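# Fold and geometry: a report
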Amino acid sequence: LTTVHMADHPKSLSDFDFVMLVGDSGVGKTCLLVRFKDGAFLAGSFISTVGIDFRNKVMTIDAVKVKLQIWDTAGQERFRSVTHAYYRDAHALLLLYDVTNKASFDNIRAWLTEIHEYAQQDVVVMLLGNKADSTHDRLVKREEGEKLAKEFGVPFMETSAKSGLNVELAFTAVAKELKHRTMKEPDEPKFQLQEYVDKEMRTVGCCRS
Ligand SMILES: Nc1nc2c(ncn2[C@@H]2O[C@H](COP(=O)(O)OP(=O)(O)OP(=O)(O)O)[C@@H](O)[C@H]2O)c(=O)[nH]1
């Protein structure tokens, strides 16, 4: 890391990368963030997010500190205009659906249209099928998520805020992508987010329910 490379970029390393969690109400955005930040699961009553909330988390990626500011948005329709205002500043978006809620999956197309309309063109988008622990209530197959993600050219994985499945990996993958964008050496190949995720899942030997 040298100032020479950094000079090419408007964003300094001390800056936060802004990651936004989006998706229908109840898909588990708040729980995913709490699991990532505190390692705990918010069981029991569901308290819908009002407007927008955020948490900071510093991750060490390849010996470099990446500061993430993660915005937890309200999925409810009535807060949509609040969320719209934040899209423009987001460097990455984690777009969630709930594998036990078909409507939340069907709405992904609309969310992607909205992202296209309001977010920066080069925003990092990752599709997450959350609540993968709910085997009995599952209504969306992993293959369906994979197919949709492929159609839109976005990386995909299933997660569970309840069991912790792939939660760390989702944020690490996004942080790695953002770090590569900021610090890429001229001859370094582009970071392949989906390849990284697939490799990590194979190595850990988990995640294929
Ligand atoms: N089984 C299971 N339940 C989950 C998981 N994640 C969240 N939930 C439950 O789903 C409900 C909604 O979770 P939230 O995180 O509040 O959902 P949200 O997307 O933030 O909702 P809004 O704030 O309204 O947009 C809660 O009752 C959680 O306990 C998960 O991975 N597995």
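Structure: see above.
All of these numbers come straight from a predicted model, not from anything done at the bench.

What follows covers the packing of helix α5 (residues 108-118) against helix α6 (residues 142-152). The interhelical angle for the contact between α5 and α6, taken along N-to-C directions, is 25°, at an axis separation of 12 Å. Judged on the interaxial angle alone, α6 and α5 are roughly parallel. Considering how the two elements wind past one another, α5 and α6 form a crossing that is right-handed. Residue-level contacts link I108, R109 and L112 of α5 to L148, E151 and F152 of α6. Of the residues contributing to the contact of α5 with α6, the split by class is 4 nonpolar, no polar and 2 charged.

Here the structure, examined in full by the defined rule, presents 7 aromatic pairs. Look at F36 and F171: their rings are 3.9 Å apart centre to centre, the planes differ by 10°, and that puts the pair in the stacked class. With F36 in helix α2 (residues 29-38) and F171 in helix α7 (residues 167-183), this pair connects stretches of sequence that are 135 residues apart. Each of the two residues, F36 as well as F171, counts as buried. A centroid spacing of 6.4 Å and a plane angle of 5° characterise the contact between Y97 and F156, whose relative ring orientation is stacked. Of the two residues, Y97 is situated in strand β4 (residues 92-98) and F156 in strand β6 (residues 156-158); the sequence distance between them amounts to 59 residues. Just as Y97 is buried, F156 falls in that class too.

Calculation rules
- Residues numbered from 1 in each chain as written.
- Predicted model: local features only at pLDDT ≥ 70, side-chain atom pairs only at ≥ 80, totals over all residues.
- Heavy atoms only, no water.
- Axes fitted to C-alpha atoms, helices over the stretch in contact; angles between N-to-C directions.
- Helix = DSSP H or I, 4+ residues; strand = E, 2+ residues; numbered from the N terminus.
- Parallel < 35°, antiparallel > 145°, perpendicular 65-115°, else oblique.
- Left-handed = near helix turned anticlockwise from the far one by under 90°.
- Contact = heavy atoms within 4.5 Å.
- Nonpolar A, V, L, I, M, F, W, Y, C, P; charged D, E, K, R; others polar.
- Phe/Tyr/Trp six-rings, centres within 6.5 Å; stacked < 30°, edge-to-face > 60°.
- Buried < 20%, exposed > 50% of the residue type's maximum accessible area, 1.4 Å probe, protein only.

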